[in-house]
Amino acid sequence: MQLSELGEFSLIEHFRTKCADTSPEILKGIGDDAAAIEIPGGTILVTSDMMLEGVHFDFSYSTFYQLGCKILAVNISDIFAMGGKPEYFLLSLGIPEAYTSKNIEELYSGLVKVAGKYRVKVIGGDTCSSKHGLVLSGTLIGNADRIITRSGAGIGDGVFVTGTLGDSAMGLMLLKKLGRQIHFEGRGTRDKGRKIRLKDHSLPITPKLLPLIKRHLMPEPIPLEKTSGITSMIDLSDGLLIDLSHICDESKVGAVIYKDRIPVSRELVKAAVNSGVDPVSLALKGGEDYVLLFTSPSEIKTDSVRIGEIIKKGRFLVDSEGRKTTFKAEGYEHFK
Ligand code: ADP
Ligand code: MG
């Protein structure tokens, strides 16, 4: 069967059946944001995320510095999604021979910057030459007192998100229209103050819209301060509809989401209207938000927004007029 018929998630299900290794200390193997292994005195978390040139990024709009920031940030997001603390990072690289040592130094400057911010220690990796673009593969080790998996959502729980959705997808659209890199780092802050014009000169991007682009290039995951009472959690990497579907699948429940409660930024609404796209659709399916989606039976006293509820069966979206439609796991899936 072609991989395009199967898709990434069915492929992962295949790995999960094939490598159904069980052992009392493996609290979570394949099927969550990170694996969890119990050791004397605590729980170790391990996660791995890759970024490939031409698939996840393109040097016409990403810098090496930004890639170094992002490869660690996306791994940190997975550890936060388990309720854990990130600790040790390994970065493996496949580098095309045409790239320079300065390029890789820039990449490491970004990596070190994010590592410092989150107090992550870079402890290893691997380096090879690549025939087909730059390959980044990150492995992050963390720990947790109590892990929060995708499988604990209960009927009646509220569904919450910790930040605005859709910004990153809009940022990527803007970057593609612009067709050039934007520097947020070091001396490159020159982009901050000036009016940037799109390649086709049809629409200006004002500095006010730069946070959308920054969200895409350099996501900054934020952990939940307190996880007591939280029944399930996932980070939003593939889009709300896909990631919520993972919680529903693993917890064997349904969900209803109220579209008008989904937090969207003012910048997203402005840019989406300018570009003729629906901001809510980007918030539902855009992906790469790297905020947390979690469920809890009680109200949460944080900045999180309650966007829906867990129900027994079915997956529904409700619009501002109360019209109910079913939803499928649409968003970003490799091979599809
Ligand atoms: P995320 O989007 O949070 O990074 P993924 O969808 O990539 O999560 O992965 C979901 C689960 O599948 C994780 O437990 C991950 O370790 C596992 N997984 C992904 N790819 C493979 C693989 N090639 N072999 C074994 N397990 C895998
Ligand atoms: Mg994840």
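Below, the structure is looked at part by part.

Reading the values: the criteria
- Residues numbered from 1 in each chain as written.
- Chains lettered and ligands numbered in written order.
- Predicted model: local features only at pLDDT ≥ 70, side-chain atom pairs only at ≥ 80, totals over all residues.
- Heavy atoms only, no water.
- Donors = N, O, S within 2.8 Å, 3.2 Å for Na, K, Ca; no water.
- Buried < 20%, exposed > 50% of the residue type's maximum accessible area, 1.4 Å probe, protein only.
- Near = heavy atom within 4 Å.
- Polar contact = N/O pair within 3.5 Å; in protein donor to acceptor, adjacent residues only side chain to side chain.
- Areas by Shrake-Rupley, 256 points an atom, 1.4 Å probe, with all protein chains shown as cover.
- Helix = DSSP H or I, 4+ residues; strand = E, 2+ residues; numbered from the N terminus.
- Phe/Tyr/Trp six-rings, centres within 6.5 Å; stacked < 30°, edge-to-face > 60°.
- Contact = heavy atoms within 4.5 Å.
- Axes fitted to C-alpha atoms, helices over the stretch in contact; angles between N-to-C directions.
- Parallel < 35°, antiparallel > 145°, perpendicular 65-115°, else oblique.
- Nonpolar A, V, L, I, M, F, W, Y, C, P; charged D, E, K, R; others polar.
- Pairing = 2+ DSSP bridges.

Only Asp 33 (OD), Asp 78 (OD) and Asp 235 (OD) from the protein reach the magnesium ion (ligand 2) as donors, at distances of 2.1 to 2.2 Å. Residue class for Asp 33 comes out buried when judged on its relative accessible area of 5%.

Let us now look at the site of ligand 1. In the vicinity of ligand 1 there are 14 residues, among which Ile 12, Gly 31, Asp 32, Asp 33 and Asp 78 approach most closely. One of the backbone N or O atoms of Gly 31 is found 2.7 Å from an oxygen atom in ligand 1. Within the side chain of Asp 49, one N or O atom sits 3.2 Å away from an oxygen atom of ligand 1. Look at ligand 1: alone it shows 560 Å² of surface, and the protein chains cover 66% of it. Sort the elements by how many residues they give to the shell around ligand 1 and helix α2 (residues 8-18) lands first, with three residues.

In total, this model carries six aromatic pairs according to the counting rule given. For the pair Phe 64 and Tyr 99, a centre-to-centre distance of 5.7 Å together with 85° between the ring planes defines the contact as edge-to-face. Separated by 35 residues along the polypeptide, Phe 64 in helix α3 (residues 64-81) and Tyr 99 in the loop between β4 (85-96) and α4 (101-118) bring together distant segments of the chain. Taking relative accessible area as the criterion, Phe 64 reaches 9% and is therefore assigned buried. What makes Tyr 99 partly exposed here is its relative accessible area of 22%. Their ring planes at 10° and their centres at 5.1 Å tell us that Phe 160 and Phe 294 sit as a pair that is stacked. A residue pair is termed long-range when its members are at least 10 positions apart, and Phe 160 in strand β7 (residues 158-161) and Phe 294 in strand β12 (residues 292-296) qualify at 134 residues. By the burial criterion, Phe 160 is buried, and Phe 294 matches it.

Right, let's get into the environment of Leu 91. Assignment of secondary structure puts Leu 91 in strand β4. Of the residues examined, Leu 91 reaches a relative accessible area of 2% and is grouped as buried. As for Leu 91 and His 334, which are separated by 243 residues in sequence, their C-alpha atoms are 22 Å apart. Non-local contacts of Leu 91, meaning those with residues more than four positions away in its chain, are made with Ile 71, Leu 107, Tyr 108, Leu 111, Gly 124, Gly 125, Asp 126, Leu 136, Ser 137 and Gly 138.

The interhelical angle for the contact between helix α5 (residues 167-178) and helix α6 (residues 210-217), taken along N-to-C directions, is 105°, at an axis separation of 7 Å. By the angle between their directions, the pair α5 and α6 is classed as roughly perpendicular. Contacts between α5 and α6 involve Asp 167, Ser 168, Met 170, Gly 171, Leu 172, Leu 174, Leu 175 and Leu 178 from the former and Leu 212, Ile 213, Arg 215, His 216 and Leu 217 from the latter. Of the residues in the contact of α5 with α6, the class split is eight nonpolar, three polar and two charged.

Turning our attention to the pairing of β7. Of the two faces of β7, the one holding Gly 158 and Phe 160 and the one holding Val 159 and Val 161 are both buried throughout. Alignment of β7 against β12, held across four bridges, turns out to be antiparallel. By the bridge assignment for β12, Phe 160 is matched with Phe 294. Bridging between β7 and strand β13 (residues 305-311) involves four bridges; their strand directions are antiparallel. Following the sheet pairing, Phe 160 is matched in β13 by Arg 306.

Note that all results are geometric; they support no functional claim without further evidence.
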